[in-house]
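Each chain, written out:
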Amino acid sequence: MITDVSLVDIASPEQIQPSAHSAPVKVSRRRLRVCHECDLLLALPRLKSGEKAECPRCQHTLVRRQTNPAERSLALAFATLIALVLSVAFPFLSFNISGIGNGIALTDTASALMSLHYPLVALSVLLTVIVLPCLYLCSLIWLCVGMTRNKLLPRSHRIARTLGYMTPWMMADVFVIGTLVSLIKIIGMADIELGLSFWTFCAYAILLLLTTQSVDRDWLWQHLDPEPKAPNHAQLGFSASLQGLAGCNTCGLVNRVSSLGKARCKRCGELLHPYHGVNNQATLALLFASVLMYLPANLYPIMVTTSLGDTQASTILGGVLMFFQHGDWPIAIIILTASVLVPVCKMLALLWLCYIVRQPKSVLSPLSRNRLYRITEFIGRWSMVDVFVVAILVALIRNGSLMSVEPGAAAISFTAVVILTMLAAILFDPRSIWLHTAPPLTHISQHASSTKSLSSTSKEEPHV
Ligand SMILES: [Zn+2]
Ligand SMILES: [Zn+2]
């Protein structure tokens, strides 16, 4: 039986050092957190099931409390894993033209690409759709089984550290959209039959989203390893890095760090990333590489179609134009958005953010810039739609000279663009957006009232 962990009583009350702006006040008995996006030092309010705590400055969600988190995640992870097994075990789609048919299983999308010597694209499909979600689900089941039995299974800490890294790369939902686009593309030219796995895959994609949303990382780490005492003299409502503090991106613990050398979280052992000023070189390097890859991605064909001996190569933009000409506006808009607008807008937005963080003034407020960054981070994965369309069509349409589809050279460079832009967004440090912003609150009591209002749905008792 899991009992909820108290969110208070971690540190004993003590006096903090007054700043130039603030009067001495008692430090909170609550657990401290550093906002991952704006570096503000905060104290977690007491949260009930279904409530969440948001940063008062950038509105980043710090914690989202779930009802019965272990049992909920365990049930969802089991159901998702069963749906995944069913999706792999049965036929996914079948294609029939002039009496010659071809049926595929889900894994054929990757193996067909591999047999045509496109290992990068094949690996991307296999990892994002099957392997990483499968690892994630098994890891979650391992952790939750230990917690529901009140006896952790071996290596639980190490496994818990990997969960956050896998989440952005799981793309079953994008694959569903890719499948629908593929079906619309070929529905007029052949008989298409949806296999049992198609339906179980749709269920799997929805369940996978519900499973990732069910994970309460704060609760999870509190059960794996209760939080040690908060650092002394921490001043709420101010930048953590200016106080020599850094929040752990994995377990959330606030650690005191020295300015020299690398530091690790004293609870989970993860490498800490204290803020040392604007450093977007990695993001810029990845963006530069993605711009270079974007040129061949558009200049070379992404797909080569052979129909009755007639071979036709189509670029990404050529495919969009073809849909427009055939009157398939919705599908043309989906491909145009996912394959052209999203990568270009993402690269431009990140480049602009990298430039603007060094400027004291900007046309957009820090909050608007932060929202732009969040949108950039969120939309990047949807560009994989076109890669999945190619993978499905290549596996499905293999009827020799009658009709067949092969990937073009652009498939490799476009996959590289998606991966590189996703990495660039992950490595961009949003804390630099708030560099020229004054601390939002002048003293602790103001900050405390903001903290209560930030957990908009919470009705927690006062803690300061
Ligand atoms: Zn924040
Ligand atoms: Zn940690």
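Look up a bit, the structure's there.
I will try to describe carefully the structure that is included in this document. Since the structure is predicted, the reported quantities are computational estimates derived from the model, not experimental observations.

**Quick look at the packing of helix H1 (residues 69-89) against helix H6 (residues 196-214)**
As a packed pair, H1 and H6 sit with axes 8 Å apart at the nearest point and diverge in direction by 155 degrees. Considering their axes alone, H1 and H6 lie roughly antiparallel with respect to each other. Crossing of H1 over H6 shows left-handed handedness. Counting all contacts with H1, which are made through Arg72, Ser73, Leu76, Ala77, Ala79, Thr80, Ala83, Leu84, Leu86, Ser87 and Val88, the residues of H6 involved are Ser197, Thr200, Phe201, Tyr204, Leu207, Leu208, Leu210, Thr211 and Ser214. Within the contact of H1 with H6, the residues separate by chemical class into 12 nonpolar, 7 polar and 1 charged.

**Topic: the coordination of the zinc ion (ligand 1)**
At 2.2 to 2.3 Å from the zinc ion (ligand 1) lie its protein donor atoms, namely Cys35 (SG), Cys38 (SG), Cys55 (SG) and Cys58 (SG). Taken together, the 4 donor atoms coordinating the zinc ion (ligand 1) and their angles of 98 to 118 degrees define a geometry best described as tetrahedral. Read in sequence order, the donor residues coordinating the zinc ion (ligand 1) give the pattern C-x2-C-x16-C-x2-C. Placement of the pair is Cys38 in the loop between strand S1 (32-34) and strand S2 (41-43) and Cys58 in the loop between strand S3 (52-54) and strand S4 (61-64), with a sequence separation of 20 residues. Given a relative accessible area of 0%, Cys58 falls into the buried group.

**Notes on unusual backbone geometry**
Even without being glycine, Gln59 reaches a positive phi, approximately 65 degrees. Of note, Gln59 is situated in the loop between S3 and S4. Positive phi, normally seen in glycine, also occurs at Asn150, with a value near 60 degrees. Position of Asn150 relative to the elements: it lies in the loop between helix H3 (119-148) and helix H4 (156-166). The exposure class assigned to Asn150 is exposed, which follows from its relative accessible area of 54%.

**Looking at the environment of Phe198**
Its place among the elements puts Phe198 in helix H6. You can call Phe198 buried: its relative accessible area is 5%. The spatial distance from the C-alpha of Phe198 to the C-alpha of Val176 is 8.8 Å, given a sequence separation of 22 residues. Beyond its immediate chain neighbours, meaning those up to four positions away, Phe198 contacts Pro91, Phe92, Leu93, Thr179, Leu180 and Leu183.

Reading the values: rules and limits
- Residues numbered from 1 in each chain as written.
- Chains lettered and ligands numbered in written order.
- Predicted model: local features only at pLDDT ≥ 70, side-chain atom pairs only at ≥ 80, totals over all residues.
- Heavy atoms only, no water.
- Axes fitted to C-alpha atoms, helices over the stretch in contact; angles between N-to-C directions.
- Helix = DSSP H or I, 4+ residues; strand = E, 2+ residues; numbered from the N terminus.
- Parallel < 35°, antiparallel > 145°, perpendicular 65-115°, else oblique.
- Left-handed = near helix turned anticlockwise from the far one by under 90°.
- Contact = heavy atoms within 4.5 Å.
- Nonpolar A, V, L, I, M, F, W, Y, C, P; charged D, E, K, R; others polar.
- Donors = N, O, S within 2.8 Å, 3.2 Å for Na, K, Ca; no water.
- Tetrahedral: all angles 85-135°; square planar, octahedral: opposite > 155°, others 65-115°.
- Buried < 20%, exposed > 50% of the residue type's maximum accessible area, 1.4 Å probe, protein only.

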